[in-house]
Every structure is written in C-alpha cells, then in structure tokens.
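# Structural overview for review
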Amino acid sequence: MHAKLTLLSLSLVLAPVGLAQVVKPPTFPPPVPAQWPAWDELHEMAPQYLLDPLITESVAYINAVVPKELLALQPSRNNSVIPAQPTYLNDKEKYKWWTDPKHYTAVDDIVKCPNENEWGITYDDGPSVNIVNGVHTFDTAHIRATLKNLNAKATFFVKGGPASGPNGRAEVEATLAEGHEIAMHTWSHAAMTTLTNEQIVAQFKYTESLIYSYTGKVPVLWRPPYGDVDDRVRAIARALGYRTVIWSANPPRDSGDASGLNAPVATVVDTIKSWFVKGPGVISLQHDVNPYTSEIAVKALEEIGKAAPGLGLKIMPVGTCTGVVPYREGPVDPKADVTGGSGTAPPTTTAGTTKGTTPTATATSAGVKPTASVKPGENHATAGTGSVMWTGLMSAVAGVLAMVF
C-alpha cells in the first residue's frame, strides 16, 4: 500500500514539472546526410530529401517546441515569374511578413548596426568562381582580395547549392580563414514563406550540415532569400538556433544589384556611393552570385578605398557590429523562446548573445566570442531555470517520501 501511495504521490509531483515533456534537440554537430540535394532553384526540394534523419529529427523537434498556431500558418502562394513577390495568405501585420512594403519586423530581427557610422557589409548567394586567364575575376575570391586591400571584413551569406559544387569547399574554407563571417542563406534560395514546415527545416539543415562539414562551424546568422520571412519561418529558424538578418530599409541599403534589371555597373556603384554618408548604423545588401554582381561589389569597394580617409564609416561584419557571436558551439536550447515576440528578450544559445546583454563580447578576426558567464546550452534570459526546477523537484520528492515513510 505504501508503495502504491508513493508512486501515486510521485506522479502528482512530477506531472506539473513536465519531465515527460523533455525534448531532445537536434543532433550536434549536425550529421552528414546520405545524399546532398541537387542545386535546383526552379523546383521544390524533392520529397526523398525530407526523409533523411538529418531532417526528420529536426522536424520532430520544431513540432514539439514551436507554437501550433505558427506551424499552422498557410504557406504563401509562389510567384514563378517574380519569386521575390509571393502572395501572402495570412495576416501580414500580425505575423510580421517583412516582404510587405511596410516591412513588418520582429523584435529580434537584425536590420541595422546599432551604433552610428557602422556599416555591416554583406554578400549573398555565393560562393561564385570566375577564372579568366588563370585569375579570379569578379567572383567571391576577387571580393575577398579587395576587402583585404582595405583591411576590412564582411559577412558572406552562403547558399548551399553552389557551395556543394566542386569549388565550394575551397571557397568557404578560404572565406573563413581570411577572417570573414560565414552565415546561412538556405540551400536553394526559395521564398521561405512559400514552403511547408518540413521544407523550411530542410533548407536550413542541409546547408548547416554542409557548412559544418567544410569548416567545423555552425552559423547563427541567416538571411531569408528576398527578405521573405514571417513569424512561422522565424520561429522555426529560432528553434534551430538562428537569428534572422535582413537589411536596412530606412535608410535603404539594398544595392539592387540582383534585381534582374542588370543596370549598368557604374549606375549601381553610384547607388552604393550615395551611402557614403555619416548617420545611423546600417546593414547593406549586395551579392557575389555571378560576375555582374561581383564586379559591382569589387568596384564599390575600390570606391570605398578612394573615399576612406574622409569616409567616416566603419565597415565590418554583422556579427561584429551587433555583438552576436556568429557560430554556435553546442546543441540548441530547448528552453529558448522560439516566438521572439511580445517584447521578450531575443532567444539565444551559446552563440547568440546581443550587444548590451551578458555575456559581453570582444572582437576577433572571426567575429566575436563570449567572455562571460553563460554556460553551453543556456539561454541568457532563462539561464538557471533548469537548476531551480530540479531543486524544487527534489524538495517536493523529499517531502512526499517523508510523508509516506
């Protein structure tokens, strides 16, 4: 009888604590999948790629930690003619669809550098390789070389498709080795709100696994292709350990280099030169996807070099200007707030702190690294809750045992 009472009492104590609800985060470091998806930007990822354990365990995790309301939002209707303009089928303002002309943002979206005269310089869609007469010409390596001439670093939002090609490893490794930040730009550049939850996970995890297999690093920063993001996509991204980076819309810092209009290179470079003014911190959007966009990038950097003595702007990677550590060193934190909403502190893991919070950060060649007291796997906003819960649980169990015996 005493044994039955003990079990009953313990069950009453344990149930509210939620031990049965413990969720195992996705495997870290990310395993290598059985096969990399094809690089196809015209079609959705083939269904068989959604069945790899790399994806299925992460889908199970997001189903456990992301609010059902967000997971149930309808995917946007894809625009095959202009992929950057899908038709959104939910409440644009409520679910903060950034692509809307009003650019609705969440509290933890990164859209600018926080300090005046800081310029977070970024390049999307690479790596690209264009060798002319044995020399890298208007490609990712050429951009890196020009940045080196300026003693400047940047954030490169790597796309999994081209990075999986024959030159991908060498380019990604070189970008990291030269002190630039590697960030995530999905596998096939799909408009993310048009995808199912499973497809969104696959876009992240295949690219994450590829980058890790090259560098031993898992990025924290990601940028949605076309800026197409809403609260469903954000929540899945947060659950997988990512911070959403877009670009500054006010003042505008989209160069328009990849708009499809193919304006004369000099015209786009003049647009970038118009940014050479002191003011609020910004994050810009440029691309290293092909020789045209890379030529613009190289020539814009050369103009920065010419203006440097009186430019008054500090060029740096996004992680450096925001204080967000660019790489994650352990599994995601199941206690982290994946909604990011209602004015709460941004979710973080061991690699996602924010300038002005603890732990503090100091600049290094690869971005910033924490120098203070959050332990691996803890969220700075919730650190310690696990130990408090455990202490309370043990006290309750001791009380029950005392009553029974």
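Look up a bit, the structure's there.
The notes below deal with the structure included here.

Conventions adopted
Residues numbered from 1 in each chain as written. Predicted model: local features only at pLDDT ≥ 70, side-chain atom pairs only at ≥ 80, totals over all residues. Heavy atoms only, no water. Buried < 20%, exposed > 50% of the residue type's maximum accessible area, 1.4 Å probe, protein only. Helix = DSSP H or I, 4+ residues; strand = E, 2+ residues; numbered from the N terminus. Pairing = 2+ DSSP bridges. Axes fitted to C-alpha atoms, helices over the stretch in contact; angles between N-to-C directions. Parallel < 35°, antiparallel > 145°, perpendicular 65-115°, else oblique. Left-handed = near helix turned anticlockwise from the far one by under 90°. Contact = heavy atoms within 4.5 Å. Salt bridge = Lys/Arg side-chain N within 4 Å of Asp/Glu carboxyl O. Disulfide = S-S within 2.5 Å. Core = buried A, V, L, I, M, F, W, Y, C linked by side-chain atoms within 4.5 Å. Phe/Tyr/Trp six-rings, centres within 6.5 Å; stacked < 30°, edge-to-face > 60°. 1 Å grid on protein atoms, 1.4 Å probe; cavity = no way out; pocket = protein on both sides within 12 Å on 5 of 7 lines; lining within 4 Å. Points joined across faces, edges and corners; volume = space filled by probe spheres on them.

## Description of the pairing of strand 6 (residues 181–184)
Where burial is concerned, the two faces of strand 6 agree: the one with Glu181 and Ala183 and the one with Ile182 and Met184 are both buried. When strand 5 (residues 155–158) meets strand 6, the two strands line up parallel, connected through 4 bridges. Bridging across to strand 6, valine 158 finds its partner in methionine 184.

## Regarding the packing of helix 4 (residues 140–149) against helix 6 (residues 168–177)
A pair of packed helices is characterised by two quantities: the angle between their axes and the separation of those axes. Relative orientation of the contacting elements helix 4 and helix 6 amounts to 15 degrees, with a least axis distance of 11 Å. Taken together, the axes of helix 4 and helix 6 are roughly parallel relative to one another. As for how helix 4 packs across helix 6, the hand of that crossing is left-handed. Listed contacts from helix 6 to Thr140, Ala141 and Arg144 of helix 4 are Glu171, Ala174 and Thr175.

## Focus on the pattern of salt bridges
Counted according to the given criterion, the structure contains 17 salt bridges. A salt bridge links aspartate 124 to arginine 223, with the nearest nitrogen and oxygen atoms 2.8 Å apart. Within this pair, whereas aspartate 124 is found in strand 2 (residues 122–124), its partner arginine 223 is found in the loop between strand 8 (221–222) and helix 8 (231–239), the two being separated by 99 residues in sequence. Each member of the pair, aspartate 124 as well as arginine 223, carries the same accessibility label: buried. A salt bridge links arginine 169 to glutamate 173; the shortest N-O distance between them is 3.3 Å. Here the residue arginine 169 and the residue glutamate 173 both occupy positions in helix 6, the gap between them amounting to 4 residues, near one helical turn. You can call arginine 169 partly exposed: its relative accessible area is 38%. A relative accessible area of 32% places glutamate 173 in the partly exposed class. Where salt bridges share partners, they join Lys96, Asp109, Asp231 and Arg234 into one cluster.

## What to know about the state of the cysteines
Taken as a whole and judged by the stated rule, the model has 1 disulfide. Across the disulfide from cysteine 113 sits cysteine 321; the S-S distance is 2.1 Å. Since a negative S-S torsion denotes a left-handed disulfide, the cysteine 113-cysteine 321 link at about -80 degrees is left-handed. With cysteine 113 in the loop between helix 3 (68–71) and strand 1 (118–120) and cysteine 321 in helix 11 (residues 318–322), this pair connects stretches of sequence that are 208 residues apart. With respect to burial, cysteine 113 and cysteine 321 carry one shared label: buried.

## A short note on the nonpolar core
Counting 51 residues, the largest nonpolar core has Ile62, Val66, Phe204, Tyr206, Trp222 and Tyr242 as its most contacted members. When residues of this core are traced back to their parent elements, those giving at least two are helix 2 (53–65), helix 3, helix 6, strand 6, helix 7 (197–215) and helix 8. Looking at this core element by element, the count peaks at 8 residues for helix 7. Ignoring sequence-local partners within four residues, the contact set of isoleucine 62 consists of Leu71, Asn197, Val201, Ile236, Ala239 and Leu240. Counting 25 residues, the second-largest nonpolar core is a separate cluster that includes Val265, Trp275, Ala300 and Leu313.

## Brief notes about the packing of aromatic side chains
In this structure the tally under the stated criterion is 11 aromatic pairs. Ring centres 4.8 Å apart and planes at 10 degrees place the aromatic pair tyrosine 88 and tryptophan 97 in the stacked group. Pairwise contacts between aromatic rings join Trp36, Tyr49, Trp187 and Tyr206 into one cluster.

## Some thoughts on the sheet that holds strand 10 (residues 282–283)
Through backbone hydrogen bonds, the strands of a sheet pair up, either in parallel or in antiparallel fashion. Spatial strand order, 10-1-12: 3 strands in an open sheet with parallel pairing. The strands lining the two open edges of the sheet, one partner per strand, are strand 10 and strand 12 (314–316). Bridge analysis of strand 1 against strand 12 gives 3 bridges, and the strand direction is parallel. Note that in strand 12 the partner of tryptophan 119 across the bridge is isoleucine 315.

## Some remarks on the layout of surface pockets
Considered as a void within the structure, the largest pocket measures approximately 1000 Å³ in volume. Every residue lining the largest pocket is counted, 44 residues in all, and those nearest its centre are Pro83, Ala84, His189, Pro225 and Tyr226. Contributing elements (two or more residues each) for the lining of the largest pocket: helix 7 and helix 10 (291–311).

## Quick word on unusual backbone geometry
In the segment running from phenylalanine 28 into proline 29, the intervening peptide bond is cis, with an omega of -5 degrees. Structurally, proline 29 can be placed in the loop between helix 1 (2–17) and helix 2. In this structure, the amide linkage connecting asparagine 250 to the following residue, proline 251, adopts the cis form with an omega of 0 degrees. Unlike most non-glycine residues, asparagine 133 shows phi in positive territory, near 55 degrees.

Fair warning: the whole summary comes from geometry, so function is off the table for now.
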